Amino acid sequence: MSGVAPLGVRPEDWVRVPAATAARYREAGLWLPETLGEFVAERCARFAERIAVAGAPARDRTAHVRLTYAELTGASARLAALLADQHGVREGDRVVVQLPNCVEHVVAVAALVRMGALPVFTLPAHREAELSAFHLLAEPVAHLVAGSGWGVDHVAVAERAGAWAVERGGRAPRVVDLAVVDVLRERDGAHEPAAFPAPVRVDAEEVAFLQLSGGTTGVPKLIPRTHGDYLYSVRGSVEICGLDADDALLVALPAAHNFPMSSPGILGALHVGARVVLAPDPSPRTAFALVERERVTVASLVPPLVLGWLSARRDRFDLTSLRLLGVGGARLADVTAGRVHAELGCALQQVFGMAEGLVCYTRLDDPAELVETTQGRPISDLDEVRVVDDEDVDVRDGTPGHLLTRGPYTIRGYYRAPEQQATAFTADGFYRTGDVVVRLPSGHLRVTGRSKDQVNRGGEKVAAEEVEEHLLGHPAVHDAAVVAVPDPLLGEKVCAVLVVEADHAAPGVPELRRHLLERGLAPYKVPDRFETVTAFPTSGVGKTSRRDLRRTLAAALTGPGT
């Protein structure tokens, strides 16, 4: 510990790794004193003349710009000065980053970490329900968006979310539209600082930013990640993936997700002086054109996008630069995994992890059988993995069980959520991932299912309870249960099963979808399918757990539905 006073996050807001364990991680060379601000400043200086990032600017998703590492420093300096001078952002302040895959996303991250402010990463798909909850929980002073040119008026959504937060006793952050604030210096009138000051010096073992969890109850929880733990996972990922300065890494997934941020992701590319290539949308046509244009060598996808790549017309584009395809977010079917090298001409690397910490990779020298049928093994030898039965008793290798983990980059608790400790973490600090896995003698894990009440819709996690609560706000809905149903493209889709109030007619699908959207629910969480039943099944004593109910309903849903 450096002795520097912690900024932004109070000690009672998060759970530290025990002191003796933290000392072990430092002694092993896993946790370094480098902060994210220092990391960005040093890499931008070292690789100044290289291209850092390429993609669309916030003002125009159809345009294409490139920034060198030196230009990234300049753009982030302009944004930092604007945030400080015009919006009052100071070190320790939280700032919501809700940006699409535009160049300004990387600029914003660089600016905030150098200022000592804490990014709160949210998704462009989030709406008022989620955003107002984040405003209340994180108390941000600013909210960064990219106007209305990306399919929705994000300024209006952010302003309504702030108003909702005020109605619930919170405060509204300042909304900053990077589609009109030209930090890239493409037009006149940019806010120009005299110089970018040295990165704010904070303790590397303090919280660096807040990331989203795909939680199972209510609005996703916020994950406190420290400079030291996160940068260790970045360095480990870079080594395992063989990333170097000659690589160009395609970010087709939402850039705020943990996978495209650090596995090896945007930060991994910056670490070695590689080029980040941001795709404004994940369609094969857009991605393939960028692979050809920027000579992309590494890409990260979720399984539905892999299927899209495999079925798309690839002969119209030159994809020969691509050497490695990382696939995570959900289990990739073995048969699909077997097609990647033959049809795309690149190596496959399976990635399995969570924003809470643990990340597993198949290795580049693993035999094809392990690469195609497992989701890899952990980054670190100090990652602790347990596979247990329903009573938390360890099972033998080869036996399915619940995955528990703790380690040098896995959190010990959520941000301002002490009530989650008893259910999400064991008494000795293991995180209950909610995944059911089989561990092989080699240490590789094969994911076989989920134990949490959650739908994994193409890599996006949808909490059943959150959607149920919104459905119950409809006057015609007496009860609701949200379950996962299989889907050949997305893996799982969201299905809502409803019991209608006795004195109401069953609401139609358009009405239900409109109701959920009007309540500010993100569109990807709106059920794909609705079913109506007269009553839910109950146990012999007249009740059943919500989890058992969801399992029973999911097993019964076999037809095409509504």
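The preceding data block contains the structure.
Conventions and cut-offs
Residues numbered from 1 in each chain as written. Predicted model: local features only at pLDDT ≥ 70, side-chain atom pairs only at ≥ 80, totals over all residues. Heavy atoms only, no water. Helix = DSSP H or I, 4+ residues; strand = E, 2+ residues; numbered from the N terminus. Buried < 20%, exposed > 50% of the residue type's maximum accessible area, 1.4 Å probe, protein only. Areas by Shrake-Rupley, 256 points an atom, 1.4 Å probe, with all protein chains shown as cover. Lys, Arg positive; Asp, Glu negative; His and termini not counted. Charge placed at Lys NZ, Arg CZ, Asp CG, Glu CD. 1 Å grid on protein atoms, 1.4 Å probe; cavity = no way out; pocket = protein on both sides within 12 Å on 5 of 7 lines; lining within 4 Å. Points joined across faces, edges and corners; volume = space filled by probe spheres on them. Nonpolar A, V, L, I, M, F, W, Y, C, P; charged D, E, K, R; others polar. Salt bridge = Lys/Arg side-chain N within 4 Å of Asp/Glu carboxyl O. Pairing = 2+ DSSP bridges. Axes fitted to C-alpha atoms, helices over the stretch in contact; angles between N-to-C directions. Contact = heavy atoms within 4.5 Å. Expected span 1.5 Å × (residues − 1). Polar contact = N/O pair within 3.5 Å; in protein donor to acceptor, adjacent residues only side chain to side chain. Phe/Tyr/Trp six-rings, centres within 6.5 Å; stacked < 30°, edge-to-face > 60°. Lys NZ or Arg CZ within 6 Å of the ring centre and 35° of its normal.

As for the overall build of the protein chain
Okay, step 1: When helices and strands are tallied, the protein chain shows 17 helices and 24 strands.
Okay, step 2: With respect to the three principal axes, the spread of C-alpha positions in the protein chain is 70 × 55 × 55 Å.
Okay, step 3: Evaluated residue by residue, the protein chain yields a buried proportion of 60% over its 562 residues.
Okay, step 4: Split by element, the accessible area of the protein chain, about 21,600 Å² in all, is 52% carbon and sulfur.
Okay, step 5: Each charge class in the protein chain was averaged separately, 60 positive and 72 negative side chains, and the resulting centres sit 1 Å apart.

Thoughts on empty space enclosed by the protein
Okay, step 1: Evaluation of the coordinates by the stated rule reveals 6 cavities of 30 Å³ or more.
Okay, step 2: The volume enclosed by the second largest cavity comes to roughly 50 Å³.
Okay, step 3: Forming the boundary of the second largest cavity are Val40, Leu72, Val106, Val109, Ala110, Met261, Ile266, Leu267 and Leu270.
Okay, step 4: Sorting the residues of the lining of the second largest cavity by element identifies helix H4 (103-115) and helix H9 (265-272) as the ones contributing at least two each.
Okay, step 5: Of the residues in the lining of the second largest cavity, the class split is 9 nonpolar, no polar and no charged.

Observations regarding the pattern of salt bridges
Oppositely charged side chains can pair when the atoms bearing their charge come close.
Okay, step 1: Counted according to the given criterion, the structure contains 31 salt bridges.
Okay, step 2: As a salt-bridge pair, Arg26 and Glu205 come within 2.9 Å of each other at their nearest N and O atoms. Of this pair, Arg26 sits in helix H1 (residues 19-27) while Glu205 is found in the loop between strand E6 (174-177) and strand E7 (207-212), placing the two residues 179 residues apart along the sequence.
Okay, step 3: Arg275 is the partner of Glu294 in a salt bridge, and the nearest nitrogen-oxygen pair spans 2.9 Å. In this pair, Glu294 sits in helix H10 (residues 284-294) while Arg275 sits in strand E10 (residues 275-278), placing the two residues 19 residues apart along the sequence. Taken individually, Glu294 and Arg275 each receive the classification buried, so the pair is uniform in this respect.
Okay, step 4: Taken together, the shared-partner salt bridges connect Arg10, Glu12, Asp13, Arg94, Glu139 and Arg416 into one network.

Some details on the sheet that holds strand E17 (residues 401-406)
Okay, step 1: Pairing within the open sheet is antiparallel, and its 4 strands lie in the order E16-E17-E18-E19. Two strands in the sheet have a free side with no partner beyond their single neighbour: strand E16 (384-388) and strand E19 (445-450). In this sheet, neighbouring strand axes are inclined to one another by 45° on average, regardless of whether the strands run parallel or antiparallel.

Looking at the environment of Ala48
Okay, step 1: Mapped onto the elements of the fold, Ala48 is located in the loop between helix H2 (36-46) and strand E1 (51-55).
Okay, step 2: Once the C-alpha coordinates of Ala48 and Leu472 are considered, the two residues, 424 residues apart in sequence, prove to be 54 Å apart.
Okay, step 3: Residues within four places of Ala48 in sequence aside, it is in contact with Thr68, Tyr69 and Ala70.

A look at H4
Okay, step 1: End to end, H4 covers 19 Å across 13 residues, agreeing with the expected 18 Å (1.5 Å per residue, within 8%).
Okay, step 2: With 13 of 13 residues buried, H4 lies mostly within the body of the structure.
Okay, step 3: Following H4 by one or two positions, Gly116 adopts a phi angle in the positive range, close to 85°.

Some words on the side chain of Arg363
Okay, step 1: Note on placement: Arg363 falls in the loop between strand E14 (359-361) and helix H13 (368-373).
Okay, step 2: No salt bridge is formed by the buried Arg363, whose closest oppositely charged neighbour, Asp366, lies at an N-O distance of 6.1 Å.
Okay, step 3: Side-chain polar atoms of Arg363 contact the backbone oxygen of Tyr361, separated by 2.7 Å.
Okay, step 4: Engagement of the side chain of Arg363 in a polar contact is seen with the backbone oxygen of Arg377, the distance being 2.9 Å.
Okay, step 5: For Arg363, the contacting residues outside a window of four places in its chain are Ile240, Val371, Arg377, Pro378 and Ile379.

Focus: the packing of aromatic side chains
Okay, step 1: Scanning all chains against the criterion turns up 9 aromatic pairs.
Okay, step 2: Between Phe288 and Trp309 the ring centres are 5.2 Å apart and the planes differ by 70°, which places this aromatic pair in the edge-to-face class. In this pair, Phe288 is assigned in helix H10 and Trp309 in helix H11 (residues 303-311), connecting sequence segments 21 residues apart. Each member of the pair, Phe288 as well as Trp309, carries the same accessibility label: buried.
Okay, step 3: Aromatic side chains Phe425 and Tyr431 sit 5.3 Å apart centroid to centroid with 45° between the ring planes, which places their arrangement in the tilted category.
Okay, step 4: Residue class for Tyr431 comes out buried when judged on its relative accessible area of 3%.
Okay, step 5: A network of ring pairs unites the aromatic residues Phe121, Phe209 and Tyr230 as a single cluster.
Okay, step 6: Its guanidinium or amino end placed over the ring of Tyr414, Lys221 lies 4.9 Å from that ring's centre, counting from NZ or CZ.

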